[in-house]
Each structure stands twice: as structure tokens, then as C-alpha cells.
Amino acid sequence: MLQAETVDRILRMRGDGLPVLSLYVRFDPADRRAFPSRVAEQLHEVRLLAGDPSVERDSRLSLRGDVGRIEEAVRQERLHPQAVAFFSCSGRGGFENVELPRPVRDRHVVDATAWVRPLVAVLEEYHRCRVVVVDRGRARFFDLYQDEMVECPGRLRDRTLRKPDYAAGMREHTVHNKVELLTKRHYRAVAERLDEEARRHEFDIIALGGHDHEIAEFLDHLPAAVRERIAGTFSVHPREDELGKIRRRAEQVVERYERVEEQRLVTETLERRASGGLAVVGLADCLWAGATAAVNQLLVQDEVVIPGAICDNDGYLAVEGDRCPVCGREMRRTPDVVYELAQAVIDEGGSVEHVAAETPLREHVTAATLRFPPPPQPAV
Ligand SMILES: [Zn+2]
């Protein structure tokens, strides 16, 4: 699983004079055996560099170490990633091996720092969800991110009054007031914790679970900054239900939230286009905008694959044609030009959102908001 902390760690990887190798390779779970040879193909070029006498000796040794380290990591058991990224600076003892839930283009970059742009683009598409299961006396916290749910340390267990202890000798309304006081104190403690964690950007959204009436009580105690991050609530018995159920319910909340957000993005982009603003709709216009680095955010209909062509000289993208209308060279056929477009957008610092929700994008395939109006398209 790809975590924001991992990306932070990779970003801090410094060669201090030695090169950092970043290497991305697509992984096809249906054809696992292809993976080692795809990695080997990339490593071949790194080896050439490691043997290049014009490169400083320490750098060459470090690169050689990187190749060895990655060759070792390739053999590791993997479940179902769509791509794997390796970051290595063996001369400084740095190594990271990250599985990605989205395919990325095979390539390697040797530089003073790690090249993380494709990682960041994948991260941007997933929301970090804090799952909170709360009742009148306890609270548990989990991180739900890309299909994994992990409990955060530090459950809250505040003092509650239980029937057998409190009944003796206390008048009923006193007991009642005491119970209310303790409950409020508990809810406030949970709210404060979430408020602090929200300020530290530990999560993007919250899925809140518990008994319906207790959730309603608890919501009253949340400051506005926390409340606006609530993606949804779900009913569970905080003390009885097993983790699997809590997780499934929380995942449904995230799923609904993401579909609604996708619908919002599609609607906004289509409206912007309709009002003559900086946006394009449809594959042909998006391909040109992508090839000219004009895309701010690209929306892609999830799981759509369309064959096309790409010019390796200038990045021109097309659904049809053999010859690039920009430079006149022959274009390379690609089984999926939508994927090539997404990679081009990521390379230029734009973002990509895959849309699984039912929206008009199903008909248009792609739409994008733009940074600037693209230049006029060349005649085909
Ligand atoms: Zn060209």
C-alpha cells in the first residue's frame, strides 16, 4: 500500500553528490512473468550508465549497487499491484520499494533526488479516511486507505457510570446529570483529538460509526473544521461488531463520497466548457490539450481503453493516423492512448481523476480543466 509517509520518506532521500535512481515498471497480475523482464530492460540502461567512464567512480559504484538491490527486490512476492516503483541510492544506504494501485509508464530517472511525480499523482486520487467508532464511553480510530484499514494507536476509554455501581444511594436525577457530564467530557475529548489530527493533515475525510442516536449526540460536539470533513456515518454496535463489518461499512461511506465528488468534478468541468471557460470535453480536444501541457486536471472515464498513436518526438497524441501532423514523423501505435494522455498530464504536473460514477463522461470519455487555452490544432 502506498502511504503519504512513504512518499515523504522518499522525498527526503538525498544522494549528497551520489545519484538517486527512481525506476517505475508496470505490473500485470495476469502475466506475472513479464515483470522481471520489464525491470531487466530498464536496468540494462542503468548498467550502461554505471559502466560509463565519464561518470564519477563513486556514482558508478552506487548505481551498480542500485541495480543489485532492485534485482533482489524483483523476486519479492506481490499480490495485485498495477505497477511497482523502486527508489535507490545504495551509496547512501537508501532503498524503497512501493506498489502502486494504478498502472504507470515504465521508465527510470537518475537524478540528485527521487522522482516522485507519478507517486504523488496516484496518492492524489485516494482519500485518506479516518474511521471513528464512538459510543458514550469509548472511541476507536482507524486509518482506511486504498483497501487497507489499520487501527491507530490510543483508543479513548473515558469513565462512564454503569448501573451496578451508581444506583446505590444516589438520587436518580443526580445520577443522570453525572452520566451526561461524563458523556459530554468524553465526546469533547474525541472531538479535540480529531481536531488536532485534522490540523496536522493526518486525514482528508472521516467516516463515523456507532449507534445512530450516539452519532447524533457526538456530531454536536464537533468543531466546524472537523465536521466538514465528515464524509458519512454508518451504524454499527461499537462493542459487538467485528472489524470486518466496521471496515465494510466505512468503505461504503468512502465509495459514496468518491462517486459524489466525481459527479461534482464532471459537472463543474462540463459547465465551465459550456460557459466558454478554460475547459475541454471529449478525447480529441483533451489529447491536444495534453500534448501541449495545457491540462490542469484530467477526468478519465474509468477502465476505458482506446487504441491510438503517439509521436515520440513531440508527444503528439491521436486516436488515428500514422504520421504526426506537427513534425511529420511516423507515430508509434499504442494500445491505449487514454493512458498515454494521463501519463502526459502527470509528467507536466497536472492531476488525473478516474471517474467510476455514472456521469455524462461515459459518453465523452475524457474532459479537462485547463491552465491556458491550447494553441490551434494542426490540420490532420
Ligand atoms: Zn511529432
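Here the residue numbers are simple positions, counted from 1 along each chain's written sequence. For this predicted model, a pLDDT threshold of at least 70 governs which residues receive local features, and a threshold of 80 or more governs which side-chain atom pairs are given and counted, while totals over whole chains, interfaces and linings are taken from all residues. Where side-chain values are given, they derive from all heavy atoms of the structure, hydrogens and water being excluded.

Colleague: Help me understand the overall build of the protein chain, please; the structure alone is not making it clear to me.
Modeller: The numbering of helices and of strands both runs from the N terminus, where a helix is a DSSP run of H or I of at least 4 residues and a strand a run of E of at least 2. Within the protein chain one finds 12 helices and 17 strands. Structurally, the protein chain occupies a C-alpha span of about 90 × 55 × 35 Å along its principal axes. In the protein chain, buried positions account for 46% of the 380 residues. Two residues form a contact once any of their heavy atoms are found within 4.5 Å. In the protein chain, of all internal contacts separated by at least 6 residues, the share reaching a separation of at least 24 is 68%. Working note: accessible area of the protein chain is about 19,600 Å², and carbon and sulfur atoms make up 48% of it. When a residue's accessible area, from a 1.4 Å probe over protein chains only, is under 20% of the maximum for its type it is buried; when over 50% it is exposed; and in between it is partly exposed. Here, Shrake-Rupley sampling with a 1.4 Å probe gives the accessible areas, and only protein chains in the shown set may cover a residue.

Colleague: What is the right way to read the packing of helix α2 (residues 34–50) against helix α3 (residues 57–74) from this model?
Modeller: When two helices pack together, their arrangement is given by the angle between their axes and by how far apart the axes lie. It is at 9 Å that the axes of α2 and α3 come closest, and there the two elements cross at 170 degrees. In terms of axis orientation, α2 runs roughly antiparallel to α3. Of α3, the residues touching α2 (which contributes Phe-35, Pro-36, Val-39, Leu-43, Val-46, Arg-47, Leu-49 and Ala-50) are Arg-60, Leu-63, Arg-64, Val-67, Ile-70, Glu-71 and Val-74. Gly counts as polar in this scheme, as do all residues outside two lists: the nonpolar Ala, Val, Leu, Ile, Met, Phe, Trp, Tyr, Cys and Pro, and the charged Asp, Glu, Lys and Arg. When the residues that make up the contact of α2 with α3 are grouped by side-chain class, the tally is 11 nonpolar, no polar and 4 charged. What counts as an axis is a line fitted to C-alpha atoms, over the stretch in contact for a helix, and the angles between N-to-C directions run from 0 to 180 degrees. An angle counts as roughly parallel when it lies under 35 degrees, as roughly antiparallel when it exceeds 145, as roughly perpendicular when it falls between 65 and 115, and as oblique in every other case.

Colleague: What should I look at first to understand the sheet that holds strand β16 (residues 351–355) in this one?
Modeller: What links the strands of a sheet is backbone hydrogen bonding, and the strands pair in either a parallel or an antiparallel sense. Overall, mixed pairing links the 4 strands, which are arranged β11-β17-β12-β16 in an open sheet. In the strand order of this sheet, the two ends are held by β11 (279–281) and β16, each with one partner. Strand-to-strand twist across the sheet, computed as the mean angle between neighbouring axes with direction ignored, equals 15 degrees. By the convention used here, strands pair only if DSSP detects at least 2 bridges between them. Bridge analysis of strand β12 (residues 295–301) against strand β17 (residues 366–370) gives 5 bridges, and the strand direction is antiparallel.

Colleague: I tried to follow unusual backbone geometry on my own but got confused; where do I start?
Modeller: It is generally the case that most residues other than glycine have a negative phi and that most peptide bonds are trans. Of note, the phi angle at Ala-293 is positive, near 60 degrees, even though the residue is not glycine. Considering the arrangement of structural elements, one finds Ala-293 in the loop between α10 (283–291) and β12. Not every positive phi belongs to a glycine, and Val-365 is a case in point at roughly 70 degrees. Relative to the helices and strands, Val-365 is located in the loop between α12 (361–364) and β17. Relative accessible area serves as the criterion here: at 13%, Val-365 is assigned to the buried category.

Colleague: I tried to follow the coordination of the zinc ion on my own but got confused; where do I start?
Modeller: Think of it this way: four donors in a tetrahedron around the metal ideally sit 109.5 degrees apart, and six in an octahedron ideally sit 90 or 180 degrees apart. Any nitrogen, oxygen or sulfur atom within 2.8 Å of a metal ion counts as a donor, with the limit raised to 3.2 Å for Na, K and Ca, and since water is left out, coordination shells can look unfinished. Only Cys-311 (SG), Asp-314 (OD), Asp-314 (OD), Cys-324 (SG) and Cys-327 (SG) from the protein coordinate the zinc ion, and they sit 2.2 to 2.7 Å from it. For the zinc ion, the donor residues sit on a single chain with the sequence spacing C-x2-D-x9-C-x2-C. In this pair, Asp-314 is assigned in the loop between β13 (308–310) and β14 (317–318) and Cys-324 in the loop between β14 and β15 (332–334), connecting sequence segments 10 residues apart.

Colleague: Sorry if this is basic, but what is going on with the packing of aromatic side chains here?
Modeller: Within 6.5 Å between ring centres, the rings of Phe, Tyr and Trp (the latter by its six-membered ring) count as paired, and their orientation is classed by plane angle as stacked under 30 degrees, edge-to-face over 60, tilted in between. Applying the stated rule across the entire model yields 6 aromatic pairs. The rings of Tyr-24, Phe-87 and Trp-115 are connected pair by pair, giving a single aromatic cluster. The rule is short: NZ of Lys or CZ of Arg within 6 Å of the ring centre and within 35 degrees of the ring normal puts a charge over the ring. Directly above the aromatic system of Phe-95 lies the positively charged group of Arg-69, at a separation of 4.2 Å from the ring centroid.

Colleague: Help me understand the layout of surface pockets in this model?
Modeller: Unfilled space is identified by rolling a water-sized probe across the atoms. Think of a 1 Å grid over just the protein atoms. A cavity is a set of points where a 1.4 Å probe fits yet cannot get out, a pocket is an open set with protein on both sides within 12 Å along at least five of seven lines, and lining residues have an atom within 4 Å of a point. Grid points are joined across faces, edges and corners, and a volume is the space filled by probe spheres set on the points. In this structure, the largest pocket occupies an estimated 1,300 Å³ of space. In terms of lining residues, the largest pocket is bounded by 45 residues, among which Gln-82, Pro-101, Arg-102, Tyr-126 and Asp-147 are the most central. Sorting the residues of the lining of the largest pocket by element identifies β3 (94–100), α4 (117–125), β6 (138–145), α9 (243–274), β12, α11 (337–347) and β16 as the ones contributing at least two each. For the lining of the largest pocket, the element with the most residues is α9, which contributes 6 residues. The residue makeup of the lining of the largest pocket, split by class, is 23 nonpolar, 7 polar and 15 charged.

Colleague: Would you mind showing me how to read the environment of Gly-232 here?
Modeller: Of note, Gly-232 is situated in strand β10 (residues 230–235). The contact partners of Gly-232, leaving out residues within four places of it in the chain, are Ile-206, Ala-207, Leu-208 and Val-253.

Colleague: How should a positive patch on the surface be read in this particular structure?
Modeller: Patch members must show over 30% relative accessible area and no salt bridge, and they are joined within 9 Å when carrying like charges or within 5 Å when they are nonpolar side chains of Val, Leu, Ile, Met, Phe, Trp or Tyr. Salt bridge, as applied in this entry: a Lys or Arg side-chain nitrogen positioned within 4 Å of an Asp or Glu carboxyl oxygen. Just so you know, the count uses Lys and Arg for positive and Asp and Glu for negative, and it drops His and the chain ends. Where a charge sits is defined by one atom per residue type, namely NZ (Lys), CZ (Arg), CG (Asp) or CD (Glu). On the surface, Lys-178, Lys-184, Arg-185 and Arg-188 cluster together into a patch of positive charge. Tracing the backbone through its elements, the reader meets Lys-178 in helix α6 (residues 172–199).

Colleague: Explain α4 to me, please; I cannot follow it from the model alone.
Modeller: Along an α-helix, a turn takes 3.6 residues, which lines up residues three or four apart on a common side. Among the 9 residues in α4, 7 count as buried, and that is most of the element. If you check which residues of α4 are buried, you get Arg-117, Pro-118, Leu-119, Ala-121, Val-122, Leu-123 and Glu-125.

Colleague: Looking at this structure, how should I read α2?
Modeller: Here α2 contains 17 residues, and its C-alpha end-to-end distance of 25 Å stays within 8% of the 24 Å for a straight helix at 1.5 Å per residue. Every buried residue belonging to α2 is among Phe-35, Val-39, Gln-42, Leu-43, Val-46 and Ala-50, and all of these are buried. In this structure, the buried side of α2 is in contact with β1 (20–26), α3, β2 (83–89) and β4 (107–111). What a helix is expected to span follows from its residue count: subtract one and scale by 1.5 Å.

Colleague: Please clarify how the pattern of salt bridges should be interpreted in this entry.
Modeller: Think of it this way: side chains of opposite charge can pair up when their charged atoms draw near. Enumeration according to the criterion identifies 29 salt bridges in this entry. Linking Arg-128 and Asp-204 is a salt bridge whose minimum nitrogen-to-oxygen distance equals 3.4 Å. Taken together, the residues Arg-128 in the loop between α4 and β5 (129–134) and Asp-204 in the loop between α6 and β9 (205–210) connect sequence positions 76 residues apart. Classification of Asp-204 by relative accessible area gives partly exposed; the value is 29%. Taken together, the salt bridges that share partners define one network made up of Arg-105, Arg-107, Asp-312, Arg-332, Glu-340 and Asp-347.

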